[in-house]
Amino acid sequence: MQKKQADLQCVSLSFPGSGGSAVVKACRIMSLGMAVVVSPHRQVGALPAACYNSPAPAGGSRGSRSLHVGYVGQWGMRVVEPDTKGLLMDIFRRLHSAFGPQHWWPGDGPFEVMVGAILTQNTNWTNVERAIENLKRAKALTPAAINRMSQERLAGLIRPAGYFNIKAGRLKSFVGFFIERYFGRVSRMKDVDTPTLRRQLLKVHGIGPETADSILLYALGRPVFVIDAYTKRVLSRHGIMDASESYERFQELFHAALPHDAGLFNEYHALLVRLGKEFCRPKPRCEGCPLSGLLS
Ligand code: SF4
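Analysis parameters
Residues numbered from 1 in each chain as written. Predicted model: local features only at pLDDT ≥ 70, side-chain atom pairs only at ≥ 80, totals over all residues. Helix = DSSP H or I, 4+ residues; strand = E, 2+ residues; numbered from the N terminus. Buried ≥ 20, exposed ≤ 12 C-beta atoms within 10 Å, placed from the backbone. Contact = placed C-beta atoms within 7 Å. pLDDT = per-residue confidence, 0-100. Expected span 1.5 Å × (residues − 1). Arc of directions from axis to C-beta. Axes fitted to C-alpha atoms, helices over the stretch in contact; angles between N-to-C directions. Parallel < 35°, antiparallel > 145°, perpendicular 65-115°, else oblique. Left-handed = near helix turned anticlockwise from the far one by under 90°. Nonpolar A, V, L, I, M, F, W, Y, C, P; charged D, E, K, R; others polar. Core = buried A, V, L, I, M, F, W, Y, C linked by C-beta atoms within 7 Å.

What about the overall build of the protein chain?
A count of helices and strands for the protein chain gives 13 helices and six strands. In the protein chain, which comprises 296 residues, the proportion classed as buried is 29%. Residue pairs at least 24 apart in sequence account for 54% of intrachain contacts in the protein chain once pairs closer than 6 positions are excluded.

Pasting the structure below:
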């Protein structure tokens, strides 16, 4: 792949090895948010299997950010990438200290969270709350009740959530799956491993990656990072990953950089949503934003 000169930042790094120090040249491809190393195979063999931090190249667009350098022995090569872990943890700490715990996901129990995850597609939470309140008032917030109810009646109850005909169909599909596979019992679902469950959820009509992962994380406590438009906007504005990258690539970034901890993923996603609503809007309000110090 040919890259324009302006898209590359290169730096020479020196590392101690068993046979003396070795120098490697690392180049960062800015548009991909990643870096690669040009390193002779012979030198690599002398390097310890470890990671280092090195100052970012002078003039780098990310100020004091460092490069994270890891030795991947089985490939016989080195991989260098920005210190994503440090940066993502820094973002989390800043947001947590500015906003505090977000106590997500609001809902009485896992099934209500699952329903909320479907209803919140393309609408705000206040509208979802009104739809859920209608379901509760009609004593319809159970798998059996939703399964029995006509789609028209269900659409009427969830009307405040918007796209109510579409969402009624999606809710019926999900509940049908939930009853057929798991007898409508969350305890049965909990016995299934996360990749299997995710594959099953993605096959249900109207459930995409964000909804499936919201169910896995917030209803079932699985360590799966939820990516949404806010996450993509914040990360791309800070040069971490281009917003056009896929859901999976964003998710891999978090999974690779952070400890797989459902509590951390829960809080982090909720904080990013708060940031996106209050500061990182389509027109950003950087002044006073908890992440303004991370801008170069
Ligand atoms: S509002 Fe500005 S400082 Fe805050 S996250 Fe968005 S781009 Fe960064």
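Concerning the confidence of the model for the protein chain
Of the residues in the protein chain, 72% reach a pLDDT of 70 or more, and the chain-wide mean stands at 81. This model gives residues 1–5 a pLDDT under 50, and the stretch forms two contacts once residues within four places in sequence are excluded. Here residues 39–80 is a poorly scored stretch, pLDDT under 50, and it has 80 contacts once near neighbours within four places are set aside; other chains count.

Some details on helix H2 (residues 84–99)
In a regular helix each residue adds 1.5 Å, so 16 residues correspond to 22 Å; H2 covers 22 Å between its end C-alpha atoms and thus fits that length. Those residues of H2 that fall on the buried side of the exposure criterion are Thr 84, Leu 87, Ile 91 and Leu 95. End-on view of H2: buried residues confined to an arc of 70°, all on one side of the axis. Turned more than 90 degrees from where H2 packs its buried face, Arg 93 and Ser 97 sit exposed. Just past H2, the residue Gly 100 takes up positive phi, approximately 75°.

Quick notes on unusual backbone geometry
Looking along the chain, the bond that leaves Trp 104 and enters Trp 105 is cis, with omega of 0°. Inspection of the secondary structure assignment puts Trp 105 in the loop between H2 and helix H3 (110–119). Positive phi is not limited to glycine here, since Lys 139 has a value of about 50°. Looking at where Lys 139 falls in the secondary structure, it is placed in the loop between helix H4 (125–137) and helix H5 (143–148). If you check the backbone angles, Tyr 163 has positive phi at about 45° while not being a glycine. Tracing the backbone through its elements, the reader meets Tyr 163 in the loop between helix H6 (151–157) and helix H7 (164–182).

Some points on the packing of H3 against H4
Running from N to C, H3 and H4 point in directions that differ by 130°, and their axes come no closer than 10 Å. As the angle between them shows, H3 and H4 are arranged oblique. Note on packing geometry: the crossing formed by H3 with H4 is right-handed. Two secondary-structure elements touch here, H3 through Glu 112, Val 115, Gly 116 and Leu 119 and H4 through Val 128, Ala 131 and Ile 132. Of the residues in the contact of H3 with H4, the class split is five nonpolar, one polar and one charged.

Some words on the packing of helix H11 (residues 229–237) against helix H13 (residues 262–278)
The contact between H11 and H13 brings their axes to 9 Å, and the two run at 75°. Looking at the two axes, H11 sits roughly perpendicular to H13. Between H11 and H13, the contacting residues are Tyr 230, Thr 231, Arg 233 and Val 234 on the first element and Leu 272, Val 273, Leu 275 and Gly 276 on the second. Tallied by class, residues from the contact of H11 with H13 come to five nonpolar, two polar and one charged.

A word on the nonpolar core
One recurring pattern in soluble globular proteins is that nonpolar side chains are buried together. If you look at the biggest cluster of nonpolar residues, it comprises 53 residues, and the most contacted ones within it are Leu 119, Ala 131, Leu 154, Ile 158, Leu 171, Phe 174 and Ile 215. In this structure, Leu 119 is in contact with Val 128, Ala 131, Ile 158, Ala 161 and Lys 167, ignoring residues within four places of it in sequence.

Describing the environment of Gly 293
Relative to the helices and strands, Gly 293 is located in the segment after H13. Along the chain, Gly 293 and Arg 94 lie 199 residues apart, while their C-alpha atoms are 9.6 Å from each other.

What to know about H7
When the terminal C-alpha atoms of H7 are compared, their 26 Å separation across 19 residues agrees well with the 27 Å that a helix rising 1.5 Å per residue should span. Every buried residue belonging to H7 is among Lys 167, Ala 168, Leu 171, Phe 174, Val 175 and Phe 178, and all of these are buried. Down the axis of H7, the sector holding all buried residues measures 130°, keeping them to one side. If you follow the buried residues of H7, they end up packed against H3, H5 and H6.

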